[in-house]
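Residue strings, one per chain:
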Amino acid sequence: MKLIYVGNNEYGRYVAEDLCSEKGITFETVPFDNGQPHLLKLLEEKIIRAAGQVVMVDLSDIESSEEEVTEVIDHIRLAANCNMIIFCPGFDLNSRQIASLEAIGIIHFIFEGKRLGAIRTALQSALETPANSTSNEQIIQNREILYDQILGSRTISPGISSPLSFSNPVKKIGVVGCMSRIGTTTTALQLVKYLNLQSESSACYVQMQPGYVENIRHFYNVEDAADSVIFNNIRLYQHPATVSDILKAGYTYLVYDYSSIDQADIVSLVERDIIIAVGGTGPDELSQFPKLIELLHGNPITNYIFNFVSDADRQAVLSMMQDKADRSHFLEFTPDPFVYNIRHNDLFHAVMQTQLPVSAEQMDKNKPRKRLFRK
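Note that the structure is predicted; figures quoted are calculated from it, not measured.

Rules of the game
- Residues numbered from 1 in each chain as written.
- Predicted model: local features only at pLDDT ≥ 70, side-chain atom pairs only at ≥ 80, totals over all residues.
- Heavy atoms only, no water.
- Axes fitted to C-alpha atoms, helices over the stretch in contact; angles between N-to-C directions.
- Helix = DSSP H or I, 4+ residues; strand = E, 2+ residues; numbered from the N terminus.
- Parallel < 35°, antiparallel > 145°, perpendicular 65-115°, else oblique.
- Left-handed = near helix turned anticlockwise from the far one by under 90°.
- Contact = heavy atoms within 4.5 Å.
- Nonpolar A, V, L, I, M, F, W, Y, C, P; charged D, E, K, R; others polar.
- Core = buried A, V, L, I, M, F, W, Y, C linked by side-chain atoms within 4.5 Å.
- Buried < 20%, exposed > 50% of the residue type's maximum accessible area, 1.4 Å probe, protein only.
- Salt bridge = Lys/Arg side-chain N within 4 Å of Asp/Glu carboxyl O.
- Pairing = 2+ DSSP bridges.
- Patch = residues over 30% accessible without salt bridge, like charges linked within 9 Å, V, L, I, M, F, W, Y side chains within 5 Å.
- Areas by Shrake-Rupley, 256 points an atom, 1.4 Å probe, with all protein chains shown as cover.

## Considering the packing of helix α1 (residues 10-23) against helix α5 (residues 116-128)
Relative to each other, α1 and α5 sit at 55°, their axes nearing to 10 Å. Classified by the interaxial angle, the pair formed by α1 and α5 is oblique. Crossing hand, α1 versus α5: right-handed. Where α1 abuts α5, its residues Y11, Y14, V15, A16, D18, L19, E22 and K23 lie against L116, I119, R120, L123, Q124 and L127. A class-by-class count of the residues in the contact of α1 with α5 yields nine nonpolar, one polar and four charged.

## Points about the nonpolar core
If you look at the biggest cluster of nonpolar residues, it comprises 89 residues, and the most contacted ones within it are V57 and I73. Grouped together as the second largest cluster of nonpolar side chains are 16 residues, A16, M56, A126 and L127 included.

## Concerning the pattern of salt bridges
With the rule as written, the count across this model stands at 13 salt bridges. The residue E28 makes a salt bridge to K2 at a minimum N-O spacing of 2.9 Å. Separated by 26 residues along the polypeptide, E28 in strand β2 (residues 26-30) and K2 in strand β1 (residues 2-6) bring together distant segments of the chain. A residue is classified by how much of its surface remains accessible, and K2, at 19% relative accessible area, is buried. Salt-bridge contacts for R120 lead to E22; the nearest nitrogen and oxygen are separated by 2.3 Å. Of this pair, R120 sits in helix α5 while E22 sits in helix α1, and the two are 98 residues apart along the sequence. Classification of R120 by relative accessible area gives partly exposed; the value is 21%. For E22, a relative accessible area of 55% gives the class exposed.

## Observations concerning the sheet that holds strand β10 (residues 234-237)
Spatially, β8-β9-β10-β7-β11-β6-β12-β13-β14 is the arrangement adopted by the nine strands of the open sheet, whose pairing is mixed. Among the strands making up the open sheet, the edge pair consists of β8 (223-224) and β14 (328-330). Where strand β12 (residues 274-279) lies against strand β13 (residues 302-306), five bridges are found, and the strand directions are parallel. Each bridged residue has a counterpart across the sheet, and for V278 the counterpart in β13 is I305.

## Quick look at a nonpolar patch on the surface
Taken together, the side chains of Y11, Y14 and L116 define a hydrophobic patch exposed on the protein surface, amounting to about 300 Å² of accessible area. On the secondary structure map, Y14 appears in helix α1.

## Examining the sheet that holds strand β5 (residues 108-110)
As summarised here, the arrangement of the five strands in space is β2-β1-β3-β4-β5, forming an open sheet in which the pairing is parallel. Each having just a single partner strand, β2 and β5 make up the two edges of the open sheet. The average undirected angle you get between the axes of adjacent strands in this sheet is 20°. Pairing of β1 with β2 involves five bridges; the strand directions are parallel. Looking at the pairing, Y5 lines up with T29 of β2.

## Section: helix α4 (residues 96-103)
Taken across its eight residues, α4 has six buried, putting it largely inside the fold. Buried residues of α4: Q97, I98, A99, S100, L101 and A103, and no others. Two residues or fewer after α4 comes G105, characterised by a positive phi angle close to 100°.

## Looking at the side chain of N299
Within the element layout of this structure, N299 appears in the loop between α12 (283-295) and β13. With near-sequence residues (within four places) excluded, N299 lies in contact with V270, I275 and R327.

Remember that the coordinates give geometry; whether it matters functionally is a separate question.
Here it is in structure tokens:
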């Protein structure tokens with residue numbers, strides 16, 4: 001286990017480091033730069049990259065607004081699947097800041113500021129009682145209601161409209177690879193994580209080929225249901241036949257994992273609102289990728305994501321994609337698909353802007369004029 005201490009409070013940091021040393025827990029600090037404003041948003045990416053199973057956030061010297069603190073802590077919790085502990089000496093138990101954090105599912109708070117023994121006892125209790133993942137899904141689906149009831153206002157990231165509207169149709173995204181083990185499932189899970197990090201959004205994973213969800217259920221500690229599991233803040237459905245139940249759950253986005261193109265139901269795939277085709281630049285991958293492109297023949301809602309491509313080779317790949325370069329993207333190194341890589345923000349933001357052309361003429365313009373990867 002690894003604990004990340006975020007902040008500069010000497011009492012909280014000392015207790016956390018001492019307790020970690022005693023229990024054999026890896027300890028790391030992410031302090032504020034005293035020459036810069038103590039804004040939690042400035043540390044968000046660094047905290048997520050540190051990949052701790054426990055993140056202890058010190059609010060004693062933070063200059064961020066209540067809304068920003070809540071938003072960043074929520075992003076960290078969902079992206080890193082971590083147990084959040086809030087060190088908040090001097091805060092009122094009934095303050096709006098504490099209420100807003102409770103609204104997003106935070107349950108561990110340490111209000112003591114200087115009594116080392118009391119801080120240690122509270123921290124040890126929090127480490128021994130991780131947050132229940134069951135509440136995470138409920139919070140994701142009802143975020144707007146929670147904010148309205150507890151905060152009396154809505155918190156929405158700048159420039160992002162709220163997708164949680166029952167008048168809007170559910171958007172369905174299909175992810176398919178040129179071959180097996182190319183990163184299709186990683187891409188699908190990272191997209192679900194991205195969508196659930198957006199304010200008031202709600203997404204789930206739907207398996208189109210048997211195996212993955214069943215193995216998750218068998219080998220990991222999950223919350224189990226008849227046709228789905230909850231693992232690391234994601235609801236994973238094991239079969240698309242449960243789509244009526246999925247729609248009743250109130251999701252805004254359904255992300256379908258079709259595995260490889262050789263196994264995929266093409267008729268089902270092309271009916272999706274957005275298609276993501278996953279490929280690579282290895283010899284075997286390059287031999288299979290043109291077949292995937294031809295099967296999707298000029299489909300204007302298709303985006304292309306390349307996995308395992310070095311920075312040095314990316315421009316060459318974009319040149320190779322010709323008129324599809326503006327819809328071609330690159331997956332970053334993601335060893336754990338359930339831990340969100342924040343470097344994917346721009347990639348998935350671009351993918352989610354995909355829309356059908358407004359006319360048949362425009363659709364015809366998107367059809368390829370030349371053979372890709374021609375010799």
